[in-house]
Amino acid sequence: MDHFATVPTGIGGRQVKSIKEIMRASAELNAEGVHIGGSDRESNHSYGDAYESLFPDRSAIKLVMEVGVADGSCLLAWRDIFPNALIVGMDIHPSDKAHGERIEFHIGDQRSKDDCERAAAGRQFDLIVDDATHLIVDTLLTLYWLWPSVRPGGLYVVEEWPSPDPARITTLWPQVEIINTVGPFGGVEPLVIFRKSYTGKWVAD
Ligand SMILES: C[S@@+](CC[C@H](N)C(=O)[O-])C[C@H]1O[C@@H](n2cnc3c(N)ncnc32)[C@H](O)[C@@H]1O
């Protein structure tokens, strides 16, 4: 699938900032353009266009969770990207900027079922993003525990998939979507997307 074929230019006909622009603005760079703080999604990585291709109507997104939020700048970016969404963050460390309108933050360990379920609180998310330890066991356990909290039709996205060969994921989940982004330093960085079907199975109908 060509994920970048239908990058939208706006929400409901209005021109809005692209996801890439919002992510770029959420990074703090030094005079040499090196990432020194904030969210690194468009400084150390290039995930903006990939996310843009996943959300043709950003205004429809109501509930988002990110696991691994650093200083919380990524939560503020999601809030700008999804103007009608509550943004829930969880991190093992406190987070300076993870507060304010439409932001909810939980201290929690992705390796703990209880912490994952406490943060999800029985809700159904349009999008859950894992950008925490990037260790394969943690990644798979968190996916397993939070999968029931993805709404039918929703997405569970893993950044920096912890495997040298992400294509092997398709052995377990044949219809998993992988968007190969090219990072700013030239390497290919796969974004791994689990799309929940409307029947609640692992893959799309
Ligand atoms: C790559 S950084 C996240 C970057 C952030 N998403 C952004 O866009 O700027 C990884 C984060 O995962 C958090 N983390 C590490 N181990 C964790 C764990 N076991 N459970 C939850 N968060 C963890 C770290 O504290 C750190 O903030």
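Here the structure is shown first, and the text comes after it.
Definitions and cut-offs
Residues numbered from 1 in each chain as written. Predicted model: local features only at pLDDT ≥ 70, side-chain atom pairs only at ≥ 80, totals over all residues. Helix = DSSP H or I, 4+ residues; strand = E, 2+ residues; numbered from the N terminus. Buried ≥ 20, exposed ≤ 12 C-beta atoms within 10 Å, placed from the backbone. Contact = placed C-beta atoms within 7 Å. Near = placed C-beta within 6 Å. Nonpolar A, V, L, I, M, F, W, Y, C, P; charged D, E, K, R; others polar. Axes fitted to C-alpha atoms, helices over the stretch in contact; angles between N-to-C directions. Parallel < 35°, antiparallel > 145°, perpendicular 65-115°, else oblique. Left-handed = near helix turned anticlockwise from the far one by under 90°. Arc of directions from axis to C-beta. Pairing = 2+ DSSP bridges.

Counting secondary structure elements, the protein chain contains six helices and eleven strands. Residue burial in the protein chain is summarised as follows: out of 205 residues, 37% are buried. Contacts spanning at least 24 positions in sequence make up 56% of the contacts within the protein chain whose residues lie at least 6 apart.

With respect to spatial proximity, 18 residues lie near the ligand, and among them Ser39, Gly68, Cys74, Gln110 and Asp131 are the closest. Its residues placed into classes, the shell around the ligand shows six nonpolar, six polar and six charged.

Following both chains from N to C, one finds helix 4 (residues 113-120) and helix 5 (residues 136-146) inclined at 45°, their axes separated by 10 Å at the closest point. By the criterion of interaxial angle, the relationship of helix 4 to helix 5 is oblique. Here helix 4 runs over helix 5; the crossing is right-handed. In this structure, helix 4 contributes Lys113, Cys116, Glu117 and Ala120 to the contact, and helix 5 contributes Thr142, Trp145 and Leu146. In terms of residue class, the contact of helix 4 with helix 5 is built from four nonpolar, one polar and two charged.

Let's shift gears to helix 4. Restricting attention to buried positions, one finds in helix 4 the residues Cys116, Ala119 and Ala120. Buried residues along helix 4 cover an arc of 100° about the axis, so they all sit on one side. In this fold, the buried residues of helix 4 make contact with strand 5 (63-67), strand 6 (86-91), strand 7 (103-107) and helix 5. Once helix 4 finishes, Ala121 follows within two positions and takes phi at roughly 50°, a positive value.

In this section: helix 5. For helix 5, the complete set of buried residues consists of Thr139, Thr142 and Leu146. The buried residues of helix 5 occupy an angular sector of 70° when the element is viewed end-on, so they sit on one face. Exposed residues pointing more than 90 degrees away from the buried face of helix 5 are listed as Ile136, Val137 and Tyr144. Contact partners of the buried residues in helix 5: strand 5, helix 4, strand 8 (125-130) and strand 9 (150-158).

Overall, mixed pairing links the seven strands, which are arranged 7-6-5-8-9-11-10 in an open sheet. Two strands lie at the open edges of the sheet, namely strand 7 and strand 10 (177-182), each paired on one side alone. Ignoring strand direction, the axes of neighbouring strands in this sheet form an average angle of 20°. Of the strand pairs in this sheet, strand 10 and strand 11 (residues 188-195) are connected by six bridges, and their pairing is antiparallel. Considered in strand 11, the bridge of Ile179 is made with Leu191. Most of the contacts of helix 4 go to strand 6, to which it runs at about 160°, and overall it touches strand 5, strand 6 and strand 7.

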